[in-house]
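Here are the chains, one letter per residue:
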Amino acid sequence: MKKVSESTVGRLSLYLRLLKEAEEQGILTVSSEELARRSGTTAAQVRKDLSSFGSFGKRGLGYSVSDLIAELRSILGLERTWRVALVGAGRIGAALFGYQDFRRQGFHIRAVFDSDPHKIGQQWDELVVRSDAEIEKVVREEEIDIAIIAVPESAAQRVVDRVVQAGVRGILNFAPVKLHVPPGVALKNVNMAMEMEGLSYALSNEGRSRRQNSTKEGE
């Protein structure tokens, strides 16, 4: 399989969610045009994204919703259960722990860690928040695949080094800092400040565009 861009993978994830919505609505087949309309892209882009992974659907008939859901789940690696560790039991960590879609998509949080003595020992559903001193031991025992990093930026790289050394091969980072991982370890960064700045830019430029259009109309 050829290497595809992160933007393509992101669109596949979006297609999957939209297909699930369509399935819940009782829709059996969907065209590339309809999937494009729902996702805000073009039919050509939909077909290009899917063609990177094989041939799906039938000309004139579209895609079987259930079949395409199964194919996308396989492509995105969602046919198995992923064991996840959450490092950081603060507000972000608590919000992530409560996110129900993780478990529905096969991401099971098996351990939660923190360095704060006031948080260690807290009961989070069926789990107990553990001391970060136990990271290596628990990661190995639980055979953790993915670590979610929700710690202050000053501690993030040290935590990543430790979980990688213990065998973790996937990192989802919420700390606002550039992290370094060795080859073979997948790293995804979620920078909420940058996302907000992107929204600020979009809103500001929308306002400028309206003002410019108003000026032209008044000339």
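The structure displayed is predicted, hence computed values, not measured ones.

Describing the pairing of strand S8 (residues 146-149)
Burial along S8 is two-sided: Ile146 and Ile148 facing one way and Ala147 and Ile149 facing the other are all buried. Both S8 and strand S9 (residues 170-173) contribute to a ladder of four bridges, which runs parallel. Bridge pairing in S9 places Ile149 opposite Asn173. Note on the crossover from S8 through helix H8 (residues 153-165) to S9: the handedness is right-handed.

Re the layout of surface pockets
A water-sized probe, rolled over the atoms, reveals where empty space remains. Space inside the largest pocket adds up to approximately 1,500 Å³. Along the wall of the largest pocket there are 36 residues; nearest its centre are Val9, Leu76, Phe107, Leu172 and Lys188. For the lining of the largest pocket, the secondary-structure elements that each account for two or more residues are helix H1 (6-24), strand S3 (82-87), helix H6 (101-104), strand S4 (107-114), S8, S9 and strand S10 (186-189). Among the elements that line the lining of the largest pocket, the one with the most residues is H1, at six residues. Broken down by class, the residue content of the lining of the largest pocket amounts to 22 nonpolar, seven polar and seven charged. In this structure, the second largest pocket occupies an estimated 320 Å³ of space. As for the second largest pocket, its lining consists of 22 residues, and the residues nearest its centre are Gly88, Asp114, Ala150, Val151 and Pro152. Secondary-structure elements contributing two or more residues to the lining of the second largest pocket are helix H5 (91-97), S4 and H8. Among the elements that make up the lining of the second largest pocket, the one with the highest residue count is H8 (five residues). Of the residues assigned to the lining of the second largest pocket, the class counts are 12 nonpolar, four polar and six charged.

Procedures and definitions
- Residues numbered from 1 in each chain as written.
- Predicted model: local features only at pLDDT ≥ 70, side-chain atom pairs only at ≥ 80, totals over all residues.
- Heavy atoms only, no water.
- Buried < 20%, exposed > 50% of the residue type's maximum accessible area, 1.4 Å probe, protein only.
- Helix = DSSP H or I, 4+ residues; strand = E, 2+ residues; numbered from the N terminus.
- Pairing = 2+ DSSP bridges.
- Right-handed = clockwise from strand over helix to strand, strands pointing away.
- 1 Å grid on protein atoms, 1.4 Å probe; cavity = no way out; pocket = protein on both sides within 12 Å on 5 of 7 lines; lining within 4 Å.
- Points joined across faces, edges and corners; volume = space filled by probe spheres on them.
- Nonpolar A, V, L, I, M, F, W, Y, C, P; charged D, E, K, R; others polar.

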